[in-house]
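# Inside the fold
One letter stands for each residue in the lines below.
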Amino acid sequence: MRALILLLAPLLAVAPPAHAQEATPLPASLPAEVAEAILARPDRFADLAADLIHGHGTGGAITPAAIDTAIAIDRAYLRTRALRPFHEADLDADGTLTTAEAAARAATLSAPGRARLLRQMTAADADADGTLSPTELRTHAEAEVARASRPLDEGLLRAAAAFDSNADGQTALAEITRAMDALATTD
Ligand SMILES: [Ca+2]
Ligand SMILES: [Ca+2]
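Nothing here was measured: the structure is a model prediction, and the numbers come from that model. (Residues numbered from 1 in each chain as written. Chains lettered and ligands numbered in written order. Predicted model: local features only at pLDDT ≥ 70, side-chain atom pairs only at ≥ 80, totals over all residues. Heavy atoms only, no water.)

### What about the coordination of the calcium ion (ligand 2)?
Distances from the calcium ion (ligand 2) to its protein donors, D125 (OD), D127 (OD), D129 (OD), T131 (O), E136 (OE) and E136 (OE), fall at 2.2 to 2.5 Å. Coordination at the calcium ion (ligand 2) comes from 6 donor atoms whose angles at the metal span 55 to 154°, giving a geometry best classed as irregular. On the primary sequence, the residues serving as donors to the calcium ion (ligand 2) are separated as D-x1-D-x1-D-x1-T-x4-E. Overall, the relative accessible area of 46% leaves D129 in the partly exposed class. (Donors = N, O, S within 2.8 Å, 3.2 Å for Na, K, Ca; no water. Tetrahedral: all angles 85-135°; square planar, octahedral: opposite > 155°, others 65-115°. Buried < 20%, exposed > 50% of the residue type's maximum accessible area, 1.4 Å probe, protein only.)

So, in structure tokens, the structure goes:
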């Protein structure tokens, strides 16, 4: 499935409204920047929570552990996406990318694809020796995950856990929608 955090970009692009600092029915445990993002677009947070619960929950509800798993799946998706061009060029499958392997793969690509592969290789080649070691590949993948999944993105996914209003250890979609409806009526 598409990474949940990629769905967050429109939510995060919206500036928090002026009333974000006022008292609200949001759980007090939420970090301030997460609460502000939810207040800015409660409808989008409800959509995000629905995707999270439907995609990773059980019986219409989700536990904190399942949210952690959803976030780990998103990270794995981003890591895999970052490494794919290099894996496609690792012709002898030894986990290391040589200059010759990159050149052989680049020759089969369009001009933009070739430019992208060589640019990504230069960026990942931390010691500038012309090859990518397993360590350089891992570091590059983690950097791409950090770049694509900002702390606030994951904070919004984790926020769903704070809406467990009946404290049964899981958040039902109804608990989220009730809280978002309450926000709408206090506006
Ligand atoms: Ca290789
Ligand atoms: Ca290197």
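Still more ground to cover, so stick around.
### Concerning helix α5 (residues 99-106)
Inspection of α5 places E101, A102 and A106 among the buried residues, and these make up the whole buried set. Buried residues of α5, viewed axially, fall in a sector of 130°; they line one side. Tucked inside the fold, the buried residues of α5 contact α4 (64-89) and α6 (111-124). (Helix = DSSP H or I, 4+ residues; strand = E, 2+ residues; numbered from the N terminus. Arc of directions from axis to C-beta. Contact = heavy atoms within 4.5 Å.)

### So, the nonpolar core
When a protein is soluble and globular, its nonpolar side chains tend to lie buried together. Core analysis: the largest hydrophobic core is formed by 27 residues, its most contacted members being L26, L30, I38, F45, F163, I176 and M180. Elements that contribute at least two residues to this core include exactly α2 (32-40), α3 (42-56), α4, α8 (151-159) and α9 (173-186). Sorting elements by how many residues they give to this core places α3 first, with 6 residues. Not counting the four nearest positions on each side in its chain, L26 is found in contact with A35, I38, L39, F163, M180 and L183. Ranked by size, the runner-up nonpolar core spans 12 residues in total, among them L83, L97, A124 and A141. (Core = buried A, V, L, I, M, F, W, Y, C linked by side-chain atoms within 4.5 Å.)

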